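Chain residues, written in single-letter form:
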Amino acid sequence: MAIIGTIRKKAGVLVVAIIALAILSFIFTDLFSNRDPRPTKIANVNGMDISFQEFETTTAKFEERLKQQYNTSSLSNEQSFEAKRQAYQSLVSEKLLKQECESIGLSVSEAEMNDMFFGTFVHPSVRQSFADPTTGQYNPQVVKQYIAQFDKLPEEQKLQWTDFENSVKESRLQEKYNSLVVS
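Anyway, here's the lowdown on the structure attached to this text.

Some points on the overall build of the chain
Tallying secondary structure elements over the chain gives seven helices and two strands in all. Starting at the N terminus and ending at the C terminus, the chain contains elements arranged as α-β-β-α-α-α-α-α-α. Going through the 183 residues of the chain one by one, you find that 21% of them count as buried. Accessible surface for the chain amounts to roughly 13700 Å². Of this, 57% is attributable to carbon and sulfur atoms.

This is how it looks when you write it as structure tokens:
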């Protein structure tokens, strides 16, 4: 009987100790778990993932374009949202186009790329980017000089050039796909 009396007297302390132990174990489990709070992917397009990192990188590019377009150093919330929307749509379109072109064997060859930069069918983006500021005429020698000095360029300009080439290539692939579908 004495034992039951002791248990009754100490029951409150025992309940508080059990609750404290449960709370502490919950806190320590959460602290020491190796969970990354950011998602690793934001979408899946026909089995192809769009990673969070890929989305952030593309969003940053669109934000930079909008900053240049509006000649500002920061974007409003609406402009930032627009950059994210454009980035998402661009990534989804890119994944779908890539998947469809791979399935039908459609690609852009090295010869086509050279023609779009130096040949008779220069891509409009290349023509605009490398036009002589005084005459407005495209000069392929300017592109050749730029490429010849590529190794000497800062890393940021190298990345911009790679993005530019990829953009031209994707544009040409889209044109080829569209003409194939229309035919």
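Topic: the packing of aromatic side chains
In total, this model carries eight aromatic pairs according to the counting rule given. Seen in terms of ring centroids, Phe117 and Phe164 are 6.1 Å apart; in terms of plane orientation they differ by 75°. Their pairing is edge-to-face. Residue Phe117 is found in helix H4 (residues 110-118), and its partner Phe164 is found in helix H7 (residues 155-182); the two are separated by 47 residues along the sequence. For Phe117, a relative accessible area of 4% puts it in the buried group. Given the relative accessible area of 18%, Phe164 is considered buried.

Conventions we followed
- Residues numbered from 1 in each chain as written.
- Predicted model: local features only at pLDDT ≥ 70, side-chain atom pairs only at ≥ 80, totals over all residues.
- Heavy atoms only, no water.
- Helix = DSSP H or I, 4+ residues; strand = E, 2+ residues; numbered from the N terminus.
- Buried < 20%, exposed > 50% of the residue type's maximum accessible area, 1.4 Å probe, protein only.
- Areas by Shrake-Rupley, 256 points an atom, 1.4 Å probe, with all protein chains shown as cover.
- Phe/Tyr/Trp six-rings, centres within 6.5 Å; stacked < 30°, edge-to-face > 60°.

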